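# Geometric and topological summary
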Amino acid sequence: MEVEAGRPTWSRPVEFTLAGIGCAVGLGNIWRFPYLCYRSGGGAFLVPYLLMLVLLGIPLLYMELTVGQYLRKGPVHAMANVCPLLKGVGVAMVAISFIMCTYYNVIITWALYYLFSSFQSQLPWQSCNNTWNRANCTDRATNTSTSASTASQQFFNYRVLERTDGVEEPGSLRWELFLLLLLAWILVYLCIFKGVKSTGKVVYFTALFPYVILVALLINNVQLPGAASGIQFFIVPEWEKLLSVEVWINAAAQIFNSIGIGFGSLMAMASYNNFSNSVLKDTLAIAITNSMTSILSGFVIFSALGYMSYLQNIPVSEIAVDGPGLVFVVYPQAFLSMPVAPMWAVFFFFMLLCLGLDSQFAMVEVMITSLLDGYSEPLLSFFRRNELLVLAVCTGMFLLGIPHVMQVGIYVFQLMDHYTAIVSIMFLAFFEVVAICWLYGVRRLTSNLEEMMGRKPGMFFRLCWMVICPVLIAVILVFSVIQFKPARYENYVYPAWAQGIGWLIAMASIIWIPLAALHTLWVLPGSFSEKLRGSIRPFALDADAPSLYCLRKGGAVEVTPSLTVISFITPLPEKTPIQTSL
C-alpha cells in the first residue's frame, strides 16, 4: 500500500480497475438484466440498453470518478466541496449505502445456504418428496398454473425462508440463516479490514472468478437441445416493442442501477487513486465490462431456459420469473436438467458469493471512507486501529440485518429493496447531476480533468454532462413517479402501514438533501440572495488540497471556519484562512 499526501492509495492502478468492475458487476447482472430483456421483447431491449450505456452510463461514471479522484475525498466531503447547497447528496449516498448494506448481505446469506446444500449427490430441490413440500408442489420445470409451484420454488420459500403468510406475522428467527449471515459479514470484514491494501488483493480473485464460471456454464448450455431457441429469443428483437416508452425507461434504469451511479461507492474508491491516474481508461473498462457481463449472463440464462423449454415443450416466455426467483428458483431448477447437477450448483452459487461480496464491501467502503474523512482523529483515537473501526461498522450492520433472517425476512427484504433501489436512488441521482453538471459546472469539471490528465475531455462528454445526462435522468425520474407501483411479493400486497414504513425508509436517505440545503443557507452570512449565490460556489476544505477554490470572478475569497458549510457533518479542522484568486 502506498501513501500520497497522507492518504493511502491503491498499490497498482489495476487494483482499482478490478475493484470498480467488482463493484459495478453484481447480482443485478445475473437476474435483473435478463428479466428486463425478457419482459421488453428480447433483442429489442438491447438497442436502447446500448444507447443508454453510451449517453448515460459512461459519461456519468466518468463524472463520478473525476470528482472522487480530484478531491481525494469520499462522497460526503466531495459533494460539500462541489456544491455546498446540495452537500446533502453526499450524505444521502452514504445513507443509501448504509441501508442497502443492512439487507443486501442477506442475498449472500441465501447463496451460502444454497452453496452448502449443493454438496450432496441429489440436490434437495430435485423432488417434491420432502417434509417442507406442500400439496401443490410439482416436479415440472416451470409453473404452469396459478395453483401449482415448483419443487425449487417451495425449497426457497418453505425450506430456506420458512416464510410466513405476510409481514403481519413476524414468525421466529431462522438460526441457520442467522449463522450464515454472521459468516457473510465475517467474509466482508476479511475483505476490507486492511483498507485498500486488503481490498486490492481480494479483487484479483472475486472480480475474475465469476467470468470463469459464466463461460463454463455457457459452454455447457449451448450444447443442450433447445438452447438455440432461448438464444434466439434473447437476440432477435420484437421491433414493435421499441415504440413502448417503458422499454427505454427500463434500459436506462438498468444502466443506472447496474453501474451504481448515485451510490458513492465508485467515487469513494476513486479517492484512493493517484492524482494523475487515467480516469477515462478506468471509466471505459468498468462500464464496458459491466455491460458485457450482463450480455454474457443473458446468453447463459436464455440458453438454459431454452433447454427447459425443450424438455417441457412450452415457450421460453412462460419460464422467466421476476426478482430473486430467477437466481434462487429458475437456476436451481435448470441445474436439474444438466449433467452432474451438484457440481454446476456449487460453481454457480460460489460465483454468486463472489459477485455479492464485491458489491457489498464496496458499499461498506463508502461508509468507512466517509467516517475517516470527517472523524479520523477521534475515531482512531477511540478504536486505536482501523481494523477495529471496520469491525464496529460491520457488527452494527449485521445486527440491523437480523430481521431479514426471521421467517418474515423476505417481506422485509422486498419492502426495503423496493423503496431504496427504486424510489430513493432516482431522486438522489437527479440532484447529484444537478450539483455537479450544472451548479459546479462543466467548465470546472473540465478544468479538473485537464489538471489531472494534461488534456481536456472530448466535446461528446461535455455535451452529455451539460444537456443529455440531466435530461435523461429527469425523464427517468418523471416516468418512475408516473409508473410507480406499491411494493408486493408474488401475490402478496403489503398493507398500508407497511407501505408507509417503506416511504420512511426511502426518506431516510432523501431527507438529507433538503436538510443540508437549509443548513447551508442558515450558516452563510449576508442576505438571502447572497447566501444563495455563495451556496452554489465550490468551497475549499484543506489548505493543501490541489487547486480547490471558492470561485468568485475578479478577486480573492477568504475561506474561514465560520463560512465552512461542511460542519453540518463534521467540524472543520483548525487551519489558516485560505486566500485564492482566479
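Definitions and cut-offs
Residues numbered from 1 in each chain as written. Predicted model: local features only at pLDDT ≥ 70, side-chain atom pairs only at ≥ 80, totals over all residues. Heavy atoms only, no water. Helix = DSSP H or I, 4+ residues; strand = E, 2+ residues; numbered from the N terminus. Buried < 20%, exposed > 50% of the residue type's maximum accessible area, 1.4 Å probe, protein only. Contact = heavy atoms within 4.5 Å. Areas by Shrake-Rupley, 256 points an atom, 1.4 Å probe, with all protein chains shown as cover. Salt bridge = Lys/Arg side-chain N within 4 Å of Asp/Glu carboxyl O. Axes fitted to C-alpha atoms, helices over the stretch in contact; angles between N-to-C directions. Parallel < 35°, antiparallel > 145°, perpendicular 65-115°, else oblique. Nonpolar A, V, L, I, M, F, W, Y, C, P; charged D, E, K, R; others polar. Core = buried A, V, L, I, M, F, W, Y, C linked by side-chain atoms within 4.5 Å. Arc of directions from axis to C-beta. Phe/Tyr/Trp six-rings, centres within 6.5 Å; stacked < 30°, edge-to-face > 60°. Expected span 1.5 Å × (residues − 1). Left-handed = near helix turned anticlockwise from the far one by under 90°. pLDDT = per-residue confidence, 0-100. Patch = residues over 30% accessible without salt bridge, like charges linked within 9 Å, V, L, I, M, F, W, Y side chains within 5 Å.

## Here we look at the overall build of the protein chain
The secondary structure content of the protein chain amounts to 21 helices and 8 strands. A burial count over the protein chain gives 61% of its 582 residues as buried. When contacts within the protein chain are restricted to residue pairs at least 6 apart in sequence, those whose partners lie at least 24 apart make up 82%. Surface summary for the protein chain: the accessible area is close to 22,500 Å², and the carbon and sulfur share equals 66%.

## Looking at the pattern of salt bridges
Opposite charge on two side chains allows them to pair when their charged atoms are near. Using the criterion set out here, one finds 4 salt bridges in the structure. With a closest N to O distance of 3.4 Å, Glu176 and Arg159 form a salt bridge. One end of the pair, Glu176, is in helix α7 (residues 175-192); the other, Arg159, is in helix α6 (residues 151-160), and 17 residues separate them in sequence. By sharing partners, the salt bridges in this structure join Arg159, Glu162, Arg174 and Glu176 into a single network.

## Some details on the packing of helix α3 (residues 46-71) against helix α18 (residues 459-482)
The N-to-C vectors of α3 and α18 enclose an angle of 110°; their axes lie 9 Å apart at closest approach. In terms of orientation, α3 and α18 fall into the roughly perpendicular class. Each of Met52, Val54, Leu55, Leu56, Ile58, Pro59, Leu60, Tyr62 and Met63 in α3 lies in contact with α18, whose residues at this interface are Phe460, Phe461, Cys464, Trp465, Ile468, Cys469, Leu472, Ile473 and Ile476. In the contact of α3 with α18, the residues fall into 18 nonpolar, no polar and no charged.

## Describing the nonpolar core
Ranked by size, the top nonpolar core spans 190 residues in total, and within it Trp110, Phe335, Phe348, Phe349, Leu352 and Val364 carry the most contacts. Here this core takes 24 residues from helix α17 (residues 409-453), the largest share from any one element. Residues within four places of Phe348 in sequence aside, it is in contact with Ile30, Ile213, Leu217, Val327, Tyr331 and Phe335.

## Some details on helix α21 (residues 528-535)
Taken together, the buried positions of α21 are occupied by Lys531, Gly534 and Ser535. All buried residues of α21 project into a common sector of 95° when viewed along the axis, lining one side. Residues of α21 that are buried sit in contact with α20 (512-523).

## Brief notes about the packing of aromatic side chains
Following the criterion strictly, the structure yields 35 aromatic pairs and no others. Arranged with centres 5.3 Å apart and planes meeting at 80°, the rings of Tyr114 and Phe155 form a pair that is edge-to-face. Taken together, the positions of Tyr114 in helix α5 (residues 88-117) and Phe155 in helix α6 put the pair 41 residues apart, joining distant regions of the chain. Its relative accessible area of 1% is what places Tyr114 among the buried residues.

## What about unusual backbone geometry?
Glycine aside, a negative phi is what most residues show, and trans is what most peptide bonds show. Backbone geometry at Arg72 places phi at a positive 55°, although glycine is not the residue there. Note on placement: Arg72 falls in the loop between α3 and α4 (75-82). One non-glycine residue, Glu162, lies in the positive phi region at around 50°. Tracing the backbone through its elements, the reader meets Glu162 in the loop between α6 and α7.

## Observations regarding helix α1 (residues 13-24)
A rise of 1.5 Å per residue sets the reference length of α1, with its 12 residues, at 16 Å; its end C-alpha atoms lie 17 Å apart and thus fit the reference within 8%. A large share of α1 lies buried, amounting to 10 of its 12 residues.

## What to know about the environment of Ala151
Considering the arrangement of structural elements, one finds Ala151 in helix α6. Spatially, the C-alpha atom of Ala151 lies 7.4 Å from that of Asn133, the residues being 18 residues apart in sequence.

## Observations concerning the packing of α5 against α6
Remark: α5 packs on α6, axes separated minimally by 12 Å, with the N-to-C direction vectors making an angle of 115°. Accordingly, the angle class assigned to the pair α5 and α6 is roughly perpendicular. The way α5 lies across α6 gives a crossing that is right-handed. Across the interface between the two elements, Trp110, Tyr113, Tyr114 and Ser117 from α5 touch Ser152, Phe155, Phe156, Arg159 and Val160 from α6. For the contact of α5 with α6, a count of residues per class yields 6 nonpolar, 2 polar and 1 charged.

## Some remarks on the confidence of the model for the protein chain
For the protein chain, per-residue confidence averages 79 on the pLDDT scale, and residues scoring 70 or more make up 85% of the total. Within the protein chain, the element-level pLDDT minimum falls on strand β8 (residues 578-580), averaging 33, and the maximum on α3, averaging 91. Considering only residues more than four positions removed or in separate chains, one finds that residues 195-200, a stretch of pLDDT under 50, has 18 contacts. Note that pLDDT drops below 50 for residues 540-582; the model gives that stretch 93 contacts with residues more than four away or on any other chain.

## Section: a nonpolar patch on the surface
A grouping of Trp438, Leu463, Met466, Val467, Val471 and Val475 is seen on the molecular surface, where their side chains present a nonpolar patch of about 510 Å² in accessible area. Broken down by element, the residue count for the nonpolar patch peaks at 5 residues, all from α18. Of the residues examined, Val471 reaches a relative accessible area of 44% and is grouped as partly exposed.

## Some remarks on the side chain of Thr446
Structurally, Thr446 is set in helix α17. The contact partners of Thr446, leaving out residues within four places of it in the chain, are Lys456, Pro457 and Arg462.

## Quick look at the side chain of Ser297
Along the chain, Ser297 falls in helix α13 (residues 279-312). If near-sequence neighbours (up to four positions away) are discounted, Ser297 is found in contact with Asn29, Ile30, Leu214 and Tyr331.

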